[in-house]
Amino acid sequence: MEYSSVERVYIWLDSFPLSDGAKRRLIEECESAVQLVQNFARFKPIFSSFKEQDAALFERMQAALSGKEYYQKTVADLQSRKIVPIPVGNPYYPREWEELPDKPLVLYAQGNLDLLKGKKFAVCGSRRTPPAALKLTEKIAEELRLAFTVITGFSDGADVAALTGAIKGGGSAVCLLAGGFSFIPQTDTLLLEKVKERGLFLSPHRPEVPCRTFSYEYRNKLLAALCEGVLVTGADEKSGALISAKYAEKFGKKVFAFPYSPSAAMGVGCNKLIKSGGYLTETAADIFAAFGIKAESEKPRETLSGTEEQVMLVLREGTNLHVAELAEKTGVPIYKLAAILSSLEIKGYVVRVGGNAYAAV
Amino acid sequence: MTEKVFGYALAGLEGVLVSVETDVSRGLPAYEIVGLPDAAVKESKERVKSAIKNSALEFPNHKIVVNLAPAYVKKEGSVFDLPIAISLLCACGTIKNDFSGTVFLGELALNGELRPVRGVLPALISAKEKGFKKFIIPKENEKEASYIVGVETYAAQSLTQVVEHLTGVKPLQAVQTQEFVPSEKTAAHSAYDMSLIKGQPMAKRALEVAVAGGHNILFVGPPGTGKTLLARSIPSILPDMTFEESLEITKIHSVAGTLGEEGIVRTRPFRTPHHTATTVALCGGGNKSVHPGEISLAHGGVLFLDELPEYKRSSLEALRQPLEDGVITVSRAGGTVSYPADFVLCASMNPCPCGNYGSKQNRCVCTPNEIKKYRAKISGPLLDRIDIQVEVDGVSYDDLVSQTQEERSEKVKERADAARRIQRERYADSTVKTNAQMGEREMRRYCELSKECEDVLREAFDRLHLSARARARILKVARTIADLDYSEEIGVEHLYEAISYRVYGADKDKID
């Protein structure tokens, strides 16, 4: 990629461990970014007003300005890791972030940059989202591909389920990390490889920055700004997913949530969102409808045998059912049930919730 | 004058005949034992001397050399006391040596009493195979020896009794052979009958399948849900022991010294080594003589490893080979010793770090990643050899199921036995005995799948992200389920049930 001189200044600036506030201040103080580097010594007094760690960087930054080695090395390092820096002003830089006062100076990307264009739909949810909801998330993510690019984080639970569904059968997805590229969570290495292959990883920080407690809220805000709408799959009272929803609402995006039965722990957040105007979501069609998109997917449902239908009927009555309860209600002997449930699991109609209990998806 | 008397040295369950030669010659009084004796054998010098003196017999005051031949085999234990004493007495003329072909075994107390030794049964069987038919053994080992037919065994309480028998002064009565009667504690009366376990239908069915096909089984469930009880019920549904099996198991326990008063093992062993057990304690070995480990003591029965992740990784690794071969071979400087180790492996573990995944009473607070890491503690190769994984319910059955009468073990055993009969026929000409032992060749021959079944298997692999290793396991278990269903063909429903015997973790690579 070719960079303008301003972009190169941003890349240079962002490569130092300066705090975000300091970086912004520097940019505000100069009339043009190019001026910043041409006459760097002029900004020394500003540095003295910074906090200690920032102030100490002045010498280092000035030294880096003599000659092109530093800049070239920085870019070369990133290139060797296949990371592309996208500074503010670059054609690939998300337009949706321009209005944010604390937008990242440089967006670091690894993968298929074209995915930055086009409509995106965000999925988030608690790591403890129940198995049935996760399976549903996977299904919905797969279908959303028809009109959106799915974008999510890389956390356990909802994020992983959404990514799995989105990249199934050759699809792609975008993953916005909370920290730098050196800190990608190793939750699921297989999935990681697949997303690297076909999707896009984004990070609002340079690679060496770890995830700190406030990194998540920042990421959730950026996520909310990037998408057209966000689906919350499961959230208890204090879930981080609710933060994404809060920002989404603030930015005027649509908020979607799964409904839960009254006493479910993961439903507290979701039901609250629905109560305050979020869309009650059960299928991908619900999401498409909210955007006025005609969905044609509807994969043909596999035909089930009579006994399988019977079991599904009973399972749909409640939430989780234990095999013994199922046996009583359907009259099918337990060991035959094991075979039937196995078949339904493979076909994607039920999911295990542990302790020999099952739930309909 | 040299006199030869026979003793027996055991290495594992087999042994060599030891020829005890005593030479009494003129010279300064001395008393030496040669022939690679270990510490216990060296000490027998004193025991033999005191025993002879205290039996009012003459102890020669000359130069005495005792040789235990063959000289290159290590002699271990106190079992040579008696043959050494007899050899000595022959050498000084107290007894006339006209009892060739008799093997003597026994430890001597200082007062001349004959003490029991370990390994009498395997020693006698091994000697009998080599053509020896006459034995003199300690009285307390009489019971175990009574199960060998075709030999003449005399059991004595003291050195005096032996001498009197040999000189014809007071001959001993030969040991009466006993009929082997399988224990009255059969399925009908086990203290751990399956009917005493309430509910747990999936686990019970999984047990039935496991026992029917000789498969190893893993229980996953919250603590306090009866995993141990389920494991303890396994012996009550295993097939009845034959005499040959009982004999083999008794041999091992005889060597280990864990034979009860009965002198024979009548019920299938149930061993539960604690997870702090060392690899040697588990597999066998030892510095001097090679002792059978827990896996050999569990031969013919069940080895139960409770809280599998707590066991040392290295110990679990050491289990892989015996699980594969059914035998454990321990190498020592002097050679290798093998012990049989063919057992049902039953293991249990919690579903997750907090223990509550799948429990209805308590909420699990673990994230999918934590659960995955916890389950990854069990190595892939060990898990490979556990064909059946099943969840144990974390639910209270009092308010769940109506007051149905739980099935008794003997009913379950009947079905398992029927399936085993089918396997006996099927594998009559093969080295394989149960479905679990099938190799590639047997699977190709007996587990042919219809096209419908192949499709199901392929779909399962795709959708459930099963690994290639899982295919063999599923096929073997499906074969057993089909056998239980009296079906020659493996049907789709058999396959589906086999596929369900895995504990679905959050990760596809480790547990499948």
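Numbering of residues begins from 1 in every chain and follows the order in which that chain's sequence is written. Following the order in which they are written, the chains are lettered starting with A and the ligands numbered starting with 1. In keeping with the model being predicted, local features are shown solely for residues with a pLDDT of at least 70 and side-chain atom pairs are shown and tallied solely at 80 or more, while totals for entire chains, interfaces and linings include all residues. In computing side-chain values, all of the structure's heavy atoms are included and hydrogens and water are not.

Draft legend 1. Region of interest: the pattern of salt bridges. Residues and elements named next belong to chain B. Basic side-chain nitrogens of Lys or Arg form a salt bridge, by our definition, when they fall within 4 Å of a carboxyl oxygen of Asp or Glu. For the structure shown, the criterion picks out 36 salt bridges over all chains. The residue Arg 385 makes a salt bridge to Glu 324 at a minimum N-O spacing of 2.5 Å. One end of the pair, Arg 385, is in the loop between α13 (380-384) and β18 (388-391); the other, Glu 324, is in helix α11 (residues 313-325), and 61 residues separate them in sequence. In this structure Arg 385 comes out as partly exposed when scored by relative accessible area, which is 22%. Linking Arg 479 and Asp 483 is a salt bridge whose minimum nitrogen-to-oxygen distance equals 3.2 Å. Taken as a pair, Arg 479 and Asp 483 lie in helix α17 (residues 469-484) at a separation of four residues, close to a single helical turn. For the pair Arg 479 and Asp 483, a shared accessibility class is recorded, and that class is buried. Through salt bridges with shared partners, a single ionic network connects Arg 205, Glu 208, Glu 407, Arg 415 and Glu 497. Put simply, DSSP H or I for four residues or longer makes a helix, DSSP E for two residues or longer makes a strand, and each gets a number counted from the N terminus. Throughout this description, buried means an accessible area under 20% of the type-specific maximum (1.4 Å probe, protein chains only), exposed means over 50%, and partly exposed covers the range between.

Draft legend 2. The pairing of strand β3 (residues 30-34) of chain B, seen in detail. By the alternation rule, side chains of β3 of chain B split into Tyr 31 and Ile 33 of chain B, which are all buried, and Ala 30, Glu 32 and Val 34 of chain B, of which none is buried. Following the backbone out of β3 of chain B, through helix α1 (residues 39-54) of chain B and into the adjacent parallel strand β4 (residues 63-69) of chain B, one traces a crossover that is left-handed. Here, the term right-handed applies to a crossover whose path from the first strand over the helix to the second runs clockwise when the strands point away from the viewer.

Draft legend 3. Just the pairing of strand β5 (residues 173-176) of chain A, in detail. Residues and elements named next belong to chain A. Residue alternation in β5 divides its side chains into two sets, Ala 173 and Cys 175 and Val 174 and Leu 176, and both sets are buried. Here strand β4 (residues 149-152) runs beside β5; their pairing, made up of three bridges, is parallel. By the bridge assignment for β5, Val 150 is matched with Ala 173. This β-α-β element, β4 to helix α8 (residues 158-166) to β5, shows right-handed connectivity. Looking at chain direction, β5 and strand β6 (residues 200-203) are connected through three bridges and run parallel. Bridging from a neighbouring strand, Leu 176 pairs with Leu 202 of β6. Regarding the hand of the β-α-β motif, the stretch spanning β5, helix α9 (residues 189-198) and β6 is right-handed. Strands are treated as partners if at least two bridges between them are detected by DSSP.

Draft legend 4. A look at the environment of Glu 96 of chain A. All names here are of chain A. Examined against the element boundaries, Glu 96 turns out to sit in the loop between β1 (84-87) and β2 (106-111). Given the relative accessible area of 31%, Glu 96 is considered partly exposed. Pairs of residues are marked as contacts when any of their non-hydrogen atoms sit within 4.5 Å. In this view, Glu 96 contacts Lys 120, Ala 225 and Leu 226; residues no more than four positions away in its chain are not counted.

Draft legend 5. Quick look at the interface of chain A and chain B. Across the contact, 29 residues belong to chain A and 34 residues belong to chain B. Considering only the surface of chain A that becomes buried against chain B, Ile 346, Arg 352 and Asn 356 of chain A emerge as the three largest contributors, covering 23% of it. Our count for the contact surface shared by chain A and chain B stands at one salt bridge. In this structure, the salt-bridge partner of Arg 502 of chain B is Glu 345 of chain A, at a minimum N-O distance of 3.3 Å. Each polar contact in these results corresponds to two N or O atoms within 3.5 Å; when the atoms are within protein, one needs to be able to donate a hydrogen and the other to accept it, and residues that are neighboring in sequence are counted only if both atoms are side-chain atoms. In this assembly, chain A and chain B are joined by eight residue pairs in polar contact (both at pLDDT 80 or more). It is helix α16 (residues 334-347) of chain A that provides the largest number of residues to the side of chain A that touches chain B, a total of nine residues. For the side of chain A that touches chain B, the class distribution of residues is 10 nonpolar, nine polar and 10 charged. Accessible area, probed at 1.4 Å, shrinks when two parts are joined; the buried area is that loss added up over both. The residue classification treats Ala, Val, Leu, Ile, Met, Phe, Trp, Tyr, Cys and Pro as nonpolar and Asp, Glu, Lys and Arg as charged. All others, Gly included, are polar.

Draft legend 6. Fine view of the side chain of Arg 47 of chain B. Residue and element names in this part refer to chain B. Within the secondary structure, Arg 47 sits in helix α1. With relative accessibility at 15%, the residue Arg 47 sits in the buried group. Looking at Arg 47, its side chain comes within polar contact range of the side chain of Asp 81, at 2.6 Å. Residue contacts for Arg 47: discarding those within four places in its chain leaves Ala 40, Ser 78, Asp 81, Glu 107, Leu 108, Ala 109 and Leu 110.

Draft legend 7. Expanded view of the nonpolar core. Of all hydrophobic cores here, the largest spans 93 residues; its most connected members are Trp 12, Leu 26, Leu 36, Met 61 and Phe 154 of chain A. A per-element tally of this core places helix α10 (residues 215-226) of chain A first, with six residues. These domain boundaries are the output of an automatic or database domain assignment. Taken domain by domain, the makeup of this core includes at least three residues from each of domain 1 (5-80) and domain 2 (113-291) of chain A. Discounting chain neighbours no more than four positions away, the residues touching Leu 26 of chain A are Leu 13, Leu 18, Leu 36, Phe 43, Ile 46, Phe 47 and Phe 50 of chain A. With 79 residues, the next largest nonpolar core counts Leu 326 of chain A together with Leu 230, Ala 231 and Tyr 496 of chain B among its residues. The set of buried Ala, Val, Leu, Ile, Met, Phe, Trp, Tyr and Cys residues whose side-chain atoms join them within 4.5 Å is what this entry labels a nonpolar core.

Draft legend 8. Examining the domain arrangement of chain B more closely. Residues and elements named next belong to chain B. Structurally, chain B comprises domain 1 (2-166) and domain 2 (187-397 + 408-500). Centre-to-centre, using C-alpha coordinates, domain 1 lies 43 Å away from domain 2. In this complex, domain 1 contributes 14 residues to the contact, which on the side of domain 2 involves 22 residues. Note on domain 1 versus domain 2: buried area summed over both sides is about 1400 Å², and carbon and sulfur give 66% of it.

Draft legend 9. Focus on the domain arrangement of chain A. All names here are of chain A. Structurally, chain A comprises domain 1 (5-80), domain 2 (113-291) and domain 3 (306-360). The C-alpha-based centres of domain 2 and domain 3 are spaced at 29 Å. Contacts between the two partners involve five residues from domain 2 and, on the opposite side, seven residues from domain 3. For the pairing of domain 2 and domain 3, the buried interface totals around 400 Å² over both sides, and the portion due to carbon and sulfur atoms is 69%. When the area that domain 2 buries against domain 3 is broken down by residue, the three leading residues are Pro 131, Ala 132 and Lys 135, summing to 76%. Where domain 2 packs against domain 3, one counts zero salt bridges. In terms of residue class, the side of domain 2 that touches domain 3 is built from two nonpolar, one polar and two charged.

Draft legend 10. Seen up close, the side chain of Ser 158 of chain B. Note on placement: Ser 158 of chain B falls in the loop between β9 (152-156) and α5 (159-166). The exposure class of Ser 158 of chain B is buried, given its relative accessible area of 15%.

Draft legend 11. Molecular detail of the sheet that holds β2 of chain A. Residue and element names in this part refer to chain A. Reading across from one edge, β1-β2-β6-β5-β4-β3-β7-β8-β9 is the order of the nine strands in this open sheet, with mixed pairing throughout. The open sheet has two edge strands with one neighbour each: β1 and β9 (279-280). Axes, fitted as lines to C-alpha atoms, cover a helix only where it is in contact. Angles between the N-to-C directions of the axes lie from 0 to 180 degrees. Across the sheet, helix α11 (residues 241-250) is in contact with β3 (120-124), β7 (229-232) and β8 (254-257); its angle to β7 comes to roughly 155°. Each of β3, β7, β8 and β9 touches helix α13 (residues 284-291); the most contacted strand, β8, lies at about 160° to it.

Draft legend 12. Focus on the packing of aromatic side chains. All names here are of chain A. Here a pair means two rings of Phe, Tyr or Trp (six-membered ring of Trp) with centres within 6.5 Å. Their orientation is stacked below 30 degrees between planes, edge-to-face above 60, and tilted elsewhere. Here the structure, examined in full by the defined rule, presents 21 aromatic pairs over all chains. Their ring planes at 20° and their centres at 4.9 Å tell us that Phe 256 and Tyr 279 sit as a pair that is stacked. One end of the pair, Phe 256, is in strand β8; the other, Tyr 279, is in strand β9, and 23 residues separate them in sequence. Overall, Phe 256 belongs to the buried group, its relative accessible area being 0%. For Tyr 279, a relative accessible area of 33% puts it in the partly exposed group. Aromatic rings pair up to connect Trp 12, Phe 16, Phe 40, Phe 47, Phe 50, Phe 58 and Tyr 70 into one cluster.

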